[in-house]
Amino acid sequence: MLTNADFLALEGTAGNFTATINLRPRYIDADACTACGLCTQYCPKHHVDPYNEGLAITRPIHIDYAQAVPATYYIDPSSCLFLQHETCQICVPVCQSHAINFKQQPEERKLNIGAVILSPGFGKIDPKTLAKFSYGKHPDVVTSFEYERMTTASGPFMGEVKCFSDGRHPKRMAFIQCVGSRDIGCNNGYCSSVCCMYAIKEALVTKEHDPEVDITIYYMDIRTQGKDFDAARERAEAIGVKFVRAKVADVTPWENHLQLTYATLDGQHKFEPFDLVVLSVGLESPKDAQKIADITKIDLNKYDFCATDSFNPLQTSQQGIVVAGAFQGPKDIPESVTQSSAAASLAAASLKAVRGKGVEMKIYPEEQVVAADDEVRIGVFVCHCGINISSVVDCAAVANYAGDMKNVTFYTENLYSCSQDAQEVIKKKIKEHKLNRVVIAACSPRTHEPLFQETLRDAGLNRNLFEMVNIRDQCSWVHAGEPELATIKSKDLVRMAVAKARLIQPLPEQTVPVTAKALVIGAGVAGMTAALNLAEQGFDSVLIEKGDGIGGNLQNLHYTLAGDAVQSHLKTLVDKVKQSKKVDVLCNAELVQTAGFIGNFASVIASGKGKARVEQTVDHGVIIVATGGREHRPDKYLLGKSKKVVTQQELEKQLAGKAKTRAPGSIVMIQCAGSRGDDLNYCSKVCCNHALKNILKVKEINPDSQIVVLYRDMRTYGFAEDAYLEARKMGVVFIPYEVDLKPEVTEKGAKVQVRFFDSIMQEEVTMSPDLVALSVGIVPDDTDTLSKLLKLPVTANKFFLEAHVKLRPVELSVSGVYVCGLAHGPKPVDETIVQAQAAAAKAAIPLVKGYVKVDPIVSSVEQDKCIGCGLCVSLCPYGAIVMQKVDGKRKAETISASCKACGICAAHCPTFAISMGGFTNEQINSQIEAFGATGDR
Amino acid sequence: MADQQFNPSILGFLCNWCCYAAADAAGVSRFQYPPSMRTVRVMCTGRIDPAFVLRAFVEGADGIFSGG
C-alpha cells in the first residue's frame, strides 16, 4: 500500500501498464513509528485539522484519526516549522523510536501492472454555492460534513452538539436538502443519492443526544430508495423529526439566530427561526477527475464523473481500467463496497494468467511438541512502549511481581516489545529457558497478537501458547493520573493472564480443502453474470434455473433509461452462458438438499420436466444465491379488471411493440401503487426510473401525449435526475399525493376515471385518461424454501439478509454463501450486474486459495458428555453445529470451517460438553479465580 | 472520608469485536476512567456462562460488567 502518493502517468495497454507514482515524503519512518502520539503532544505549531473539516486544531506532525491505515504519523510540510523555516525539530529527540527523518525526499516510482482500478472518491461542493444560505457569513450554518464530525463521539467535540456562535446547545435545527445537487445553478443537475439518508441519520443521532431538540428537514423529495432505508425515515418521523416539502430560498442571520425563508408547494412563503442550520451538501466529482482522465484517457460524463454504461457499469472507456465507488456516480457505503469487490473481480479475471506468481511462502521451523503433562514454563515480558506504559505503570514492579508466580521461569522488561530486536530477544529467551508459554503485557491483542504469535512460530512454538495483557490501551492510557492504581491493575491483569497461560494447550492448525466449483441458483442477469465472471476467473459453476429457460426478468425489459437496447444485450449474455464450457446450465431445476460447509458442499439438484426429471448430486465449494424477484401485482386501482389499467412493465412491452396506438394521447401514472406502507412496506427503488423511461419513450413516439404523474417522492437518484428534468421540460406534470389521500381509479362505462387531490392547485381533480399506468413494486421470489434449506436469514420483507449491511454486502451469514440481484433487494439492472460481479469476487476467494483456514479457537464437542439435546444446534447463529448419529445416539458436532468462535454453544451446553479453543471453561474460571486472589499482590 | 469511598472491584467480560475494541479506542482517545475493572476478553458475550458471573461474585467481585 502506497499512501501519500500521487498518480502521475500511465503508459502501455491492458495487461502491461506502467504507472508512474510520486511518493511524497512523510518525514517519518513508517516501520519505526509506534503511533504513540508523543510527537504531536510536543510539537509547538498549530495546524488546522482537515480531517475534522477544520473544526479542530492539530499539529503539523499528526495522524488523521486513531484507526488510520497505516497507523503511522506524518508531517504536513505546509506548516512544519523546520520544513518551512529550518527551525524547531523538537519532535526529533522526543521520538523514542527515532522514527523522524527530515532527510526523506520525494520518490518517483514506476510500477509494472496489468490492470488499473480507479477509486478516487468524490469531491466537495464549491462554497460559493452555499453562500446564499449564509454559509461562511454566520458560524451557525454548517455543512453536513462538519456536522458529522461534530456529532461523532471521537470527533473534536466528543459528540457534543453546539452553536459555534456562543457555544449554546441548539433547541431548533434545520436540515436543508439538495445543496449543490439537483441544482443546475451550480451545474450539478444530478442527485447525490446519499444526502437524504445521511440527513435522517444525523437527525436521529442528534435526537439521541438531546430528545428535546426540534428538527425540521426541508426537502424536495425524500430519496430513501435503498434497502430498508424507508424504515429509517419512519423511525425519524416517529420520534418527532419534521419533514417539510419546500424549496428554501435563503438563510439570513437574525440577531443570534438564523431566519430561514422557504416556499411550500401551495405557493406560500414562510419564515422560521433556527439556532443551527445544516446544509446537506451533495457529492461532487473528484477534484482530480479531469487530471485522471488526461492520464488514463478515459471518458468522463457531463458532470465529470467516470462514464460507463448500464451493462458494463464499472468498465471505463479504456480496456484494463475499471472504476469503483463515487467516481462512477454518487453512492453510499454498501454500494461502494460492492463495487470495489466487483472491480477486483474484473481485474482478477484479466490477470488470471499471472495469479499466484511472485508470491513467496514463508517456511517455519518444525513445531516443538508440548504435551499436556509437560512442565509449564512461562515467560513474562512487560513492555514499556517507550514511555507510553512506563510513565504511568511501574513496569519493573509488574515484572518482578510476575517473577514470583508459580510456573513463571523467566521474566523481563522490553522498551518496545514489538520492535525487530525485541522479537529476536523473545525468540532467544524462549529457547534459552525452554519456555512453553509466553505472556506479553503490552498493548492490545487486537493489533499485536498476530505479530507475537508469528514470533512464537518462528521460535518453534504453537502460536496458541500465548496470552496478551493489555496494560497500555486499557490501563496506562486511561488511568494516566493514577499510577499506583494503574500498577496494581497491571499486576492483577498479569496474574489473571498467567493463571490462564498455565492451562493453555497447543491447538492444531487446520485447513480444509475446497472443491473449486460454484453452485449458482437462479439464471437471471445476476446468476448469469456471476457464473460468467467465475468462468472468466477460471472456475466452473453449475447454474440452476427454476424456469424453462435462462434470462429472468431481463426478458421483460426492452430499453433502459440511458437508451440501451436490453434484448440484444440479453441475447449476447445468454449466448455466452450457453457457449461457456465452464458453466453447466440446468433448467426446470431446483435445490432439493444441501449438506456440508464452505469449500465442501454436496447438493442434490432435481432438474427436467415430467418423466425426464432426474436428481443428481453436485459437489461444490460455494453457493451464489440469485433467485430474483418479480413484479408485485396489487389488487388495487382496477389492475387486472380494466384493460385501461396496466403496470409500467406492461406499458414498456406495449411501447416496444409496433401498434400505431401504442403511445396513448393521455396517461396518468400512479407511483408507489401497492408500495411504501401499502401491500409492501418498502420502496422498490426502480419504479420512478421505470416511469421516467416510459414517459420519454411515449414522448418520443407521440410528442403530443399528455402525461400526469401522481407520486409521493420522485426517486430518480443519481444521473436519472436528468431524465426527470427533461420530462418536466417536455410538459409532463408531476403532482405529489399524500399517503393518507391516495388517488382513486374508477370505471365509468368504457372510460376509467382518476380522482386525486391536486396539492399544487389545492383542489380535487378528476381525469379520464386513455391509460392508467401503475408503478408497482418488486417482491422476492420464494425465499422461504431456500432460507430453510441453507439456514439463511431473511429480512421482514422476505429478502435475504446480508452478513453486514455495509461491510459485507454480498455475503450471507453462512460461510461460503453469497447473494446478488433482486433476492437481496429491489435494484436496477446496472446495480444487479455490479452485485453479481461482487458476489463472484467473494465466492472466488476460497476457490482461488484452494483451502479454507480454520481458526484454532473454534468450538469442539466432547461426544462422551453430549446428551444430544440439540440446544447448541438451535442456538448457533452460523449453522455451524449439526446433530449426527454416533452408535445410534444423537451427538452434536461442530463444522469447524463454519464456526465463528462466538462460544454461545459452550455457554449454553447443559453438560459442559462443548469447549472453545483458547477460551475453555477451565481457562476462564482460572482467570476469575486469579481475579479474586488479590491477597498476594 | 476519602478513604471510606466505595471502590468497587468489577470484573468485565468484553467481546473482542466490539466492547474490547471500544475499550482500546477509549485508550487511543485518552478517555480517563476509574481503574476499578479487570477484564476477561471473550470472542463474543454469548460465551459468558452464567456460572462465570456467579463464580466472580464468589471470588469477591462487587459487580460484573458485560460488554458486547
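Each remark here, short or long, concerns the structure printed above.
Residues numbered from 1 in each chain as written. Chains lettered and ligands numbered in written order. Predicted model: local features only at pLDDT ≥ 70, side-chain atom pairs only at ≥ 80, totals over all residues. Heavy atoms only, no water.

Chemist: I keep staring at the overall build of chain A and nothing clicks. Help me out?
Modeler: When helices and strands are tallied, chain A shows 24 helices and 46 strands. The C-alpha radius of gyration computed for chain A amounts to 32 Å, which stays within 12% of the reference 30 Å derived for 937 residues, consistent with globular compactness. Considered along the principal axes of its C-alpha atoms, chain A spans approximately 100 × 85 × 60 Å. Buried residues in chain A amount to 54% of all 937 residues. A separation of at least 24 residues holds for 68% of the contacts in chain A among residues at least 6 apart in sequence. Accessible surface for chain A amounts to roughly 40,700 Å². Of this, 52% is attributable to carbon and sulfur atoms. If the 102 positive side-chain charges of chain A are averaged to one point and the 107 negative ones to another, these points end up 4 Å apart. (Helix = DSSP H or I, 4+ residues; strand = E, 2+ residues; numbered from the N terminus. Rg over C-alpha atoms; globule rule 2.2 N^0.38 Å. Buried < 20%, exposed > 50% of the residue type's maximum accessible area, 1.4 Å probe, protein only. Contact = heavy atoms within 4.5 Å. Areas by Shrake-Rupley, 256 points an atom, 1.4 Å probe, with all protein chains shown as cover. Lys, Arg positive; Asp, Glu negative; His and termini not counted. Charge placed at Lys NZ, Arg CZ, Asp CG, Glu CD.)

Chemist: Could you clarify how one ought to interpret the packing of helix α18 (residues 687-701) of chain A against helix α19 (residues 721-729) of chain A in this entry?
Modeler: Helices that pack against each other are described as a pair by the angle of their axes relative to one another and the distance between those axes. All names here are of chain A. α19 packs onto α18 with a crossing angle of 45 degrees between their chain directions and a minimal axis gap of 10 Å. As far as their axial angle goes, α19 and α18 are oblique. The two elements α18 and α19 meet at a crossing, and its hand is left-handed. Contacts from L692, I695 and L696 of α18 reach α19 at A723, Y724, E726 and A727. Of the residues that constitute the contact of α18 with α19, the class distribution is six nonpolar, no polar and one charged. (Axes fitted to C-alpha atoms, helices over the stretch in contact; angles between N-to-C directions. Parallel < 35°, antiparallel > 145°, perpendicular 65-115°, else oblique. Left-handed = near helix turned anticlockwise from the far one by under 90°. Nonpolar A, V, L, I, M, F, W, Y, C, P; charged D, E, K, R; others polar.)

Chemist: Hey, could you run me through the packing of aromatic side chains in this one?
Modeler: The geometry of an aromatic ring pair comes down to the distance between the two centres and the angle between the two planes. Residues and elements named next belong to chain A. Here the structure, examined in full by the defined rule, presents 21 aromatic pairs over all chains. Where Y51 meets Y65, the ring centres are 4.7 Å apart and the plane angle is 20 degrees; that geometry is what we call stacked. Of this pair, Y51 sits in the loop between β3 (47-48) and β4 (57-58) while Y65 is found in the loop between β5 (61-62) and β6 (74-75), placing the two residues 14 residues apart along the sequence. With a centroid separation of 4.8 Å and an interplanar angle of 50 degrees, the aromatic rings of Y218 and Y262 are classed as tilted. (Phe/Tyr/Trp six-rings, centres within 6.5 Å; stacked < 30°, edge-to-face > 60°.)

Chemist: So what exactly am I meant to see when it comes to unusual backbone geometry here?
Modeler: The general pattern is negative phi for most residues beyond glycine and trans for most peptide bonds. All names here are of chain A. Backbone torsion omega between V69 and P70 reads -5 degrees, so that peptide bond is classified as cis. Counting through the fold element by element, P70 comes out in the loop between β5 and β6. One non-glycine residue with positive phi stands out, namely C88, at about 75 degrees. Here C88 lies in the loop between α2 (81-85) and α3 (91-94). Phi angles above zero are rare outside glycine, and K297 is one such case at about 65 degrees. Relative to the helices and strands, K297 is located in the loop between α8 (289-296) and β16 (321-323).

Chemist: Looking at this structure, I do not really get the interface of chain A and chain B. What am I missing?
Modeler: Many authors give the size of an interface as the accessible area that is lost as the parts come together. Facing the 46 residues of chain A at the interface are 39 residues of chain B. A buried area of about 3,600 Å², summed over both sides, lies between chain A and chain B, and 58% of it is on carbon and sulfur atoms. Among the residues chain A hides against chain B, the three largest losses belong to R446, Q474 and F931 of chain A. Together they make up 19% of the total. The tally of links between chain A and chain B comes to three salt bridges. (Buried area = accessible area lost by both parts, 1.4 Å probe. Salt bridge = Lys/Arg side-chain N within 4 Å of Asp/Glu carboxyl O.)

Chemist: I'm lost on the sheet that holds strand β1 (residues 5-13) of chain A in this one. Help?
Modeler: Sheet strands line up and pair through hydrogen bonds in the backbone, either parallel or antiparallel. Residue and element names in this part refer to chain A. The sheet built from three strands is open, its strands ordered β1-β2-β7 with antiparallel pairing. Each edge of the open sheet is held by one strand with a lone partner, namely β1 and β7 (107-113). Direction aside, neighbouring strands of the sheet carry axes that sit 20 degrees apart on average. Where strand β2 (residues 16-23) lies against β7, seven bridges are found, and the strand directions are antiparallel. Within the sheet, the bridge partner assigned to T20 lies in β7 and is K110. (Pairing = 2+ DSSP bridges.)

Chemist: What is the right way to read the side chain of S490 of chain A from this model?
Modeler: Residue and element names in this part refer to chain A. Within the secondary structure, S490 sits in helix α14 (residues 483-503). Its relative accessible area of 0% is what places S490 among the buried residues. For S490, the residues in contact, after removing those within four places along its chain, are V393, V398, I471 and C475.

Chemist: Please explain the packing of helix α9 (residues 333-350) of chain A against helix α21 (residues 829-849) of chain A as it appears in this structure.
Modeler: Residue and element names in this part refer to chain A. Packing of α9 against α21 leaves a shortest axis separation of 7 Å and a crossing angle of 65 degrees. The element α9 and its partner α21 pack so that their crossing is left-handed. Taken together, the residues of α21 that come into contact with α9 (itself represented by E335, T338, Q339, S341, A342, S345 and L346) are E831, V834, Q835, Q837, A838, A841 and K842. Considered class by class, the residues forming the contact of α9 with α21 number five nonpolar, six polar and three charged.

Chemist: Explain the sheet that holds strand β34 (residues 744-748) of chain A to me, please; I cannot follow it from the model alone.
Modeler: Residue and element names in this part refer to chain A. Read from one edge of the open sheet, three strands run β34-β35-β36, paired in antiparallel fashion. The outermost strands of the open sheet, each flanked by one partner alone, are β34 and β36 (763-767). Each neighbouring strand pair of the sheet contributes to a mean axis angle of 25 degrees, computed without reference to strand direction. Bridge count between strand β35 (residues 751-758) and β36: five bridges; the pairing is antiparallel.

Chemist: Explanation requested: a nonpolar patch on the surface in the structure shown.
Modeler: A cluster of nonpolar side chains, L265, I760 and M761 of chain A, forms an exposed patch at the surface whose accessible area comes to about 270 Å². Residue classification places L265 of chain A among the partly exposed positions, given a relative accessible area of 36%. (Patch = residues over 30% accessible without salt bridge, like charges linked within 9 Å, V, L, I, M, F, W, Y side chains within 5 Å.)

Chemist: What exactly am I supposed to notice about the pairing of strand β17 (residues 378-383) of chain A here?
Modeler: For a regular strand, side-chain orientation follows a simple rule: the groups alternate between the two sheet faces. Residues and elements named next belong to chain A. Across the six residues that make up β17, a large majority, six, are buried. Taking every second residue as pointing to the same face, both faces of β17 are buried, with I378, V380 and V382 on one and G379, F381 and C383 on the other. Relative to strand β18 (residues 408-414), β17 runs parallel, the two sharing six bridges. Residue pairing in the sheet places I378 in a bridge with V408 of β18. Taking the sense of rotation as the criterion, the β-α-β connection linking β17, helix α10 (residues 395-403) and β18 turns out right-handed. Of the pairings in the sheet, the one linking β17 to strand β19 (residues 437-442) comprises five bridges and is parallel in character. Bridging across to β19, I378 finds its partner in R437. (Right-handed = clockwise from strand over helix to strand, strands pointing away.)

Chemist: What is the right way to read the environment of I471 of chain A from this model?
Modeler: Residues and elements named next belong to chain A. Topologically, I471 is positioned in the loop between β20 (466-470) and α13 (472-476). Between the C-alpha atom of I471 and that of C383, which follows or precedes it by 88 residues, the distance is 8.7 Å. Beyond its immediate sequence surroundings of up to four residues, I471 is in contact with V382, C383, I389, V393, A441, A442, S476 and S490.

Chemist: Sorry if this is basic, but what is going on with the side chain of N797 of chain A here?
Modeler: Residue and element names in this part refer to chain A. Tracing the backbone shows N797 in the loop between α20 (784-790) and β39 (802-804). At 3.4 Å, the side chain of N797 forms a polar contact with the side chain of D228. Leaving out residues up to four positions away in the same chain, N797 has contacts with D228, N681, Y682 and P780. (Polar contact = N/O pair within 3.5 Å; in protein donor to acceptor, adjacent residues only side chain to side chain.)

Don't take any of this as a statement about function, it's just geometry.
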